[in-house]
Amino acid sequence: MSNSSCLRSAHKPWGNLGRSRAAGTRGAECGGMARSSRETLNLFLGTVLLLLLLPDVAEGQDSCSDQHRGDQPRECCSVAVEQQNPDNITGLLRLSQQCPELWRSGSHPCACLRELWFRLLQSGQHSWPAGLKGLLLNVSRAGTRDVLITFSPTAGPSRLNTTEKGKAGGKIHLPRELFRSLSSQTVRVVVTVLNIQQLGMFKEINQTAQVLDSTVVGITVGESSISGLQEPVQLTFAHRELPRGVTPRCVFWDPSKGQAGGWQSSGCATQPGDKGTVCSCDHLTFFTLLLNPALDGSTAKALMAVATAGCGVAMAFCIFTMAFCIFVRCRFRFEETVRTNLGLHVNLVGSLFLLNLAFLLSSGLSGRAQPRTCGVLGGLTHYCLLCCFTWTALEGCQLYLLFVKVLGIYIHHYLAKLCLVGWGFPVLVVGVAGAIGSYGEYSIQTTDHQVIAHLCWITSKHLLVHYITNCGYFGLIFLFNMAVFGVVTHKSCSLQGTGAVPGYHKPWRVALVAAGLFCLLGATWALVFLTYGISSTAVLYLFTVLNSLQGIFIFIWLVVLYYPKTKETTGSLSYIIRHDKNTTASQD
């Protein structure tokens, strides 16, 4: 819909009314005193009826809200279309603040006003009211340099020299190829910087992300729309270090999205940085930087509910698993290697039980506990998490000794030494972290600093402790377990190929042991490294569900693996290990 057609649809009813009145006047002059009073009354009633029908004629379709007649005010978009001066941008800006339907409705009057508003901004031929700052440039098509412009939410846009590239603040880089592709010798460039919170504009329906500094930047070059640029236009949005869990995304305003327009990211690439984010786009329009929080209030509550329920179920199955391992270890006669494995599993499941218990206490008492109590709970939760990671690493070490070195049963007090490492090493780490005051209440916040969840954990001032002791420590363990998984799988397949192990499924049963340790105790925790970005919410749900059900998975895995085992089978760990050892000795 063009600007002229929009104006014609807006002002046509008033033209009809003027012609009707003129016709009535000419009739009265011609008829003179011969026109009766009845005819005059009919003309007056017809004019009143036409006035009542004006809103329906002007709209052409459904209005922004329900129609009102009589002494009640009509909807704002229809009134504005009838009365709006197309050159009065101040009136349009004031209307945006007073008429919320303008950015929510897809009706013809509201769409007409939005189109007028965009055209007026892109023309630059108006005064700059509060909340709107602009820059008009005439750029020569034969120029040999790129156009550099700086902008800020307070100062607005201004042109930069090539020697001022390092100047702080937001920047716009228009490549010279952009102007050489145009036909005009001199091109008009209009850059606008808008405070949408002050102006009440660019309101997308059901928007959860926050606009950086409430700032939108509009770029217009020439008279026509420009898209599909080979060398993209670059906008740098300056900002401080973003809050944890917030993902920046470069977007532009698409008037065709939804009923009244919305933000789109197609054609724009995002390059985040510590002091700013660079947006590279292949077209020109209105741009901004959206800050997408990893969590909103409803998502955080749902995740906490899932985690709480999952922790309760996991604790119950951890108890079942420990009881099962103790029962099997005492009921059946296994060789020392299998008994050590069962003892290792009991310690791992015990650490998971303590971790779930500590999480429930931490999340339940964080908002009501004293600072010192919350610090103790945070240290306890950190300790249990490190114990779980450490026992995961010891499971990998046990597999490595059994399948590669074949040394597990020859180490004196082997299980006791494993317990000293599994439960003792985290004490040292937590002791050092606690000595520097790392534990306390941790708040999960949105981009506008609204608190949506509390935990007794590592405080925000000591996030480096979290990255080193949790993310870094587990990353090394995960890589080690992955390498062990590859070695065990390769060795099992080698024994299968040589026919050393009778039965088709026996070696794969051994490989299932390694796969269970790798997937159940490694891969689910590794999902935490994928909780950054656009798909972070889905990964967070998957991470929460899988780790909450970890106790169930381990229980089922151990029951299938170890029960019943009244005698040693040819697919057991000890059989393959002994056969591999004997084979190696005979070769020597």
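Structural notes, computed from the coordinates. (Residues numbered from 1 in each chain as written. Predicted model: local features only at pLDDT ≥ 70, side-chain atom pairs only at ≥ 80, totals over all residues. Heavy atoms only, no water.)

1. Things to note about a nonpolar patch on the surface
Then, in step 1: There is a patch of nonpolar side chains on the surface, built from Leu354, Leu357, Leu361 and Leu365 and spanning about 270 Å² of accessible area.
Then, in step 2: In this fold, leucine 354 is placed in helix α9 (residues 336-365).
Then, in step 3: Here leucine 354 falls in the partly exposed class, since its relative accessible area comes to 34%. (Patch = residues over 30% accessible without salt bridge, like charges linked within 9 Å, V, L, I, M, F, W, Y side chains within 5 Å. Areas by Shrake-Rupley, 256 points an atom, 1.4 Å probe, with all protein chains shown as cover. Salt bridge = Lys/Arg side-chain N within 4 Å of Asp/Glu carboxyl O. Helix = DSSP H or I, 4+ residues; strand = E, 2+ residues; numbered from the N terminus. Buried < 20%, exposed > 50% of the residue type's maximum accessible area, 1.4 Å probe, protein only.)

2. Some words on the environment of leucine 199
Then, in step 1: Inspection of the secondary structure puts leucine 199 in helix α7 (residues 196-199).
Then, in step 2: On the basis of relative accessibility, which here comes to 2%, the residue leucine 199 falls in the buried class.
Then, in step 3: With 69 residues separating them in the primary sequence, leucine 199 and alanine 130 have C-alpha atoms 8.2 Å apart.

3. Regarding the packing of α9 against helix α11 (residues 414-435)
Then, in step 1: It is at 10 Å that the axes of α9 and α11 come closest, and there the two elements cross at 20°. Relative to α11, the element α9 is oriented roughly parallel. Viewed along their axes, α9 and α11 form a crossing whose handedness is right-handed. Where α9 abuts α11, its residues Thr340, Gly343, Leu344, Asn347, Gly350, Ser351 and Leu354 lie against Tyr414, Leu415, Leu418, Cys419 and Trp423.
Then, in step 2: Considered class by class, the residues forming the contact of α9 with α11 number seven nonpolar, five polar and no charged. (Axes fitted to C-alpha atoms, helices over the stretch in contact; angles between N-to-C directions. Parallel < 35°, antiparallel > 145°, perpendicular 65-115°, else oblique. Left-handed = near helix turned anticlockwise from the far one by under 90°. Contact = heavy atoms within 4.5 Å. Nonpolar A, V, L, I, M, F, W, Y, C, P; charged D, E, K, R; others polar.)

4. Quick notes on the packing of α9 against helix α15 (residues 550-562)
Then, in step 1: With their axes 11 Å apart at the nearest point, α9 and α15 run at an angle of 165° to one another. Regarding the angle of α9 to α15, the classification is roughly antiparallel. Note that α9 runs across α15; the crossing there is left-handed. Listed contacts from α15 to Val338, Asn341, Leu342, His345, Val349 and Leu352 of α9 are Gln550, Ile554, Trp557, Leu558 and Tyr562.
Then, in step 2: In terms of residue class, the contact of α9 with α15 is built from eight nonpolar, three polar and no charged.

5. Some points on the packing of aromatic side chains
Then, in step 1: On inspection of all chains with the given rule, the structure shows 15 aromatic pairs.
Then, in step 2: With a centroid separation of 5.8 Å and 75° between ring planes, the pair formed by phenylalanine 151 and phenylalanine 237 is classed as edge-to-face. Placement of phenylalanine 151 in strand β2 (residues 147-151) and of phenylalanine 237 in strand β8 (residues 233-238) is noted, with a sequence separation of 86 residues between them. We note that phenylalanine 151, like phenylalanine 237, is buried.
Then, in step 3: Chaining the aromatic ring pairs together yields one cluster made of Phe389, Phe474, Phe478, Trp525 and Phe543. (Phe/Tyr/Trp six-rings, centres within 6.5 Å; stacked < 30°, edge-to-face > 60°.)

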